[in-house]
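Structural features, examined
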Amino acid sequence: MPISIRDEVSEEEAKRGEAAFGSDFVPGFGSHYMKFGNTRLWITRSIDNSKQYKSASSMGREDEVLQLVFFSRDRNVVHTFMEEVRASWEEQSKCTVRLYLPNGWDTRWEFLAKRLRRPLSTLNLPRTTMAMVEEAKLFLRSRELYMSLGVPWRCGYLFEGAPGTGKRSCILGLASEFYLPIYLLSLQSKELDDALLIGLINSVPPKSLLVIEDLETAIKTLSTTSSSLQNTLSTEVGGGRDAGVSLSALLNAMDGIASSEGRLLIITANDASRLSSRDALLRPGCIDRRASFVPLDSDSMKEMMQSFHSKLAEPSLQSVFALWKHEGSHTAAPTSPA
């Protein structure tokens, strides 16, 4: 059997920012005999050659097929097995946030990486963002209410602010708070067209975080000059004519019939005032709340430094703090404001 590297971390290790790596034995390709309780189990691991050309080795294999054969007449054995698999996966994933990217070929998303969860308490966030946390919590458990009212079960936020003001950190914090996977979508991909865009957004599963970054740089403005006046039309998104994504398709994917439900949508922009057609893109129902991120002022910096020092006072971090003091400029302490 081949050896795989275990990259899961325990909850205590995640709190300390540490990662423990080990090695586990996993079934290799082919057939294997195992036992689940008193039930014999035959596992066959193979590759679907029809999907192999679409697989990206750096993003995990999406072309594998796992066939399970249970030697039992009791269907409850299968249900019990699947529940244990689900519980084990949830236990291993609760300390991390999973990131997904489009595979570049069709409407499937591929696993990119794991990131350690970041508690919202470690961030210095705008007040409007903290209100979003309570709204998102209510939204995620209100599916039946939305259905009874006949309202699409969708929620969208706009994060605007200069680079480095904490937009991405807040996204990671929200995903960590609600144990949501993050689906990252770039509108500037040359492979993206109307059908692929709608299909990708529609395939995002419920209780997920869909992130579209730097929207104002992705929308291309076209100018047409008439004899009397110059009209500015924003009809292209992303890479322009090569990308073939229209603004109408983006609007339909975000808040139209083809849009998925049950997911949180977060759009980021450095300067929302630069958005052409912003009345359509940022209308209520598509964007429910806007949060402005600004550089930290002196009071916020002082509050964050006090938070850092209180953490460093913990016995488990005293050795790290002593190393920083000893090494001085040779060892860099974390200085990110967000």
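The structure under discussion appears in the preceding block.
Residues numbered from 1 in each chain as written. Predicted model: local features only at pLDDT ≥ 70, side-chain atom pairs only at ≥ 80, totals over all residues. Heavy atoms only, no water.

Brief notes about the side chain of Arg98
Assignment of secondary structure puts Arg98 in strand 6 (residues 96-102). Exposure remark for Arg98: the relative accessible area of 17% places this residue in the buried category. At 3.0 Å, the side chain of Arg98 and the side chain of Tyr100 are in polar contact. Every residue in contact with Arg98, bar those within four places of it in the chain, is listed here: Trp89, Phe111, Ala113, Lys114, Pro181 and Ile182. (Helix = DSSP H or I, 4+ residues; strand = E, 2+ residues; numbered from the N terminus. Buried < 20%, exposed > 50% of the residue type's maximum accessible area, 1.4 Å probe, protein only. Polar contact = N/O pair within 3.5 Å; in protein donor to acceptor, adjacent residues only side chain to side chain. Contact = heavy atoms within 4.5 Å.)

A short note on the pattern of salt bridges
Counted under the stated rule, the structure contains nine salt bridges. Among the salt bridges present, the one from Glu64 reaches Arg45, with a minimum N-O distance of 3.1 Å. Within this pair, whereas Glu64 is found in strand 5 (residues 64-70), its partner Arg45 is found in strand 4 (residues 39-47), the two being separated by 19 residues in sequence. Residue Glu64 is classed as partly exposed on the basis of its relative accessible area of 31%. Accessibility expressed as a relative area gives 18% for Arg45, which makes it buried. Between Lys137 and Glu134 there is a salt bridge; the shortest N-O distance is 3.9 Å. With a gap of three residues between them, Lys137 and Glu134 both fall in helix 3 (residues 127-140), about one helical turn apart. Connected through salt bridges with shared partners, the residues Arg154, Asp255, Glu261 and Arg283 form a single ionic network. (Salt bridge = Lys/Arg side-chain N within 4 Å of Asp/Glu carboxyl O.)

Thoughts on the nonpolar core
Core analysis: the largest hydrophobic core is formed by 32 residues, its most contacted members being Leu185, Leu187, Leu197 and Leu281. No other element matches helix 8 (residues 247-255), which puts five residues into this core. Excluding residues within four positions of it along the chain, Leu185 makes contact with Pro102, Trp109, Leu197, Leu200, Ile201, Leu210, Val211, Ile212 and Glu213. Val97, Ala136, Trp153 and Cys170 belong to the second-largest nonpolar core, a separate cluster that totals 27 residues. (Core = buried A, V, L, I, M, F, W, Y, C linked by side-chain atoms within 4.5 Å.)

What about the side chain of Ser176?
Tracing the backbone through its elements, the reader meets Ser176 in helix 5 (residues 167-178). Exposure remark for Ser176: the relative accessible area of 1% places this residue in the buried category. If we ignore the near neighbours within four places in the chain, the residues touching Ser176 are Val97, Arg117 and Arg118.

Overview of the packing of helix 3 against helix 5
Between helix 3 and helix 5, whose axes approach to 11 Å, the crossing angle comes to 35 degrees. Handedness of the crossing formed by helix 3 with helix 5: right-handed. For the pair formed by helix 3 and helix 5, the contact residues are Thr129, Val133, Ala136, Lys137 and Leu140 on the first element and Cys170, Leu174, Glu177 and Phe178 on the second. Looking at the contact of helix 3 with helix 5 residue by residue, the classes come out as six nonpolar, one polar and two charged. (Axes fitted to C-alpha atoms, helices over the stretch in contact; angles between N-to-C directions. Left-handed = near helix turned anticlockwise from the far one by under 90°. Nonpolar A, V, L, I, M, F, W, Y, C, P; charged D, E, K, R; others polar.)

A look at the sheet that holds strand 6
Within a sheet, neighbouring strands are paired by backbone hydrogen bonds and run either parallel or antiparallel to one another. Across the sheet, which stays open at both edges, the seven strands sit in the order 7-6-9-10-14-8-15 with mixed pairing between neighbours. In this open sheet, the two strands that pair with only one neighbour each are strand 7 (109-116) and strand 15 (289-293). Neighbour-to-neighbour, the strand axes of this sheet turn through a mean angle of 25 degrees, independent of strand direction. The sheet contact formed by strand 9 (residues 182-185) and strand 10 (residues 209-212) spans four bridges and is parallel. Bridge pairing in strand 10 places Ile182 opposite Leu209. (Pairing = 2+ DSSP bridges.)

As for the packing of aromatic side chains
In total, this model carries eight aromatic pairs according to the counting rule given. Measuring from centroid to centroid gives 5.1 Å for Trp109 and Tyr183, while their planes differ by 90 degrees, and the two rings are edge-to-face. Residue Trp109 is located in strand 7, and its partner Tyr183 is located in strand 9; the two are separated by 74 residues in the primary sequence. Classification of Tyr183 as buried rests on a relative accessible area of 8%. Chaining the aromatic ring pairs together yields one cluster made of Tyr100, Trp109, Phe111 and Tyr183. (Phe/Tyr/Trp six-rings, centres within 6.5 Å; stacked < 30°, edge-to-face > 60°.)

Concerning the pairing of strand 7
Strand residues, when the strand is regular, have side chains that alternate between the two faces of the sheet. Examined bridge by bridge, strand 6 and strand 7 share seven bridges and lie antiparallel to one another. Each residue of the ladder has a partner; that of Val97, found in strand 7, is Arg115. Between the end of strand 6 and the start of strand 7, which pair antiparallel, lie six residues, with Gly104 showing a positive phi angle near 90 degrees.

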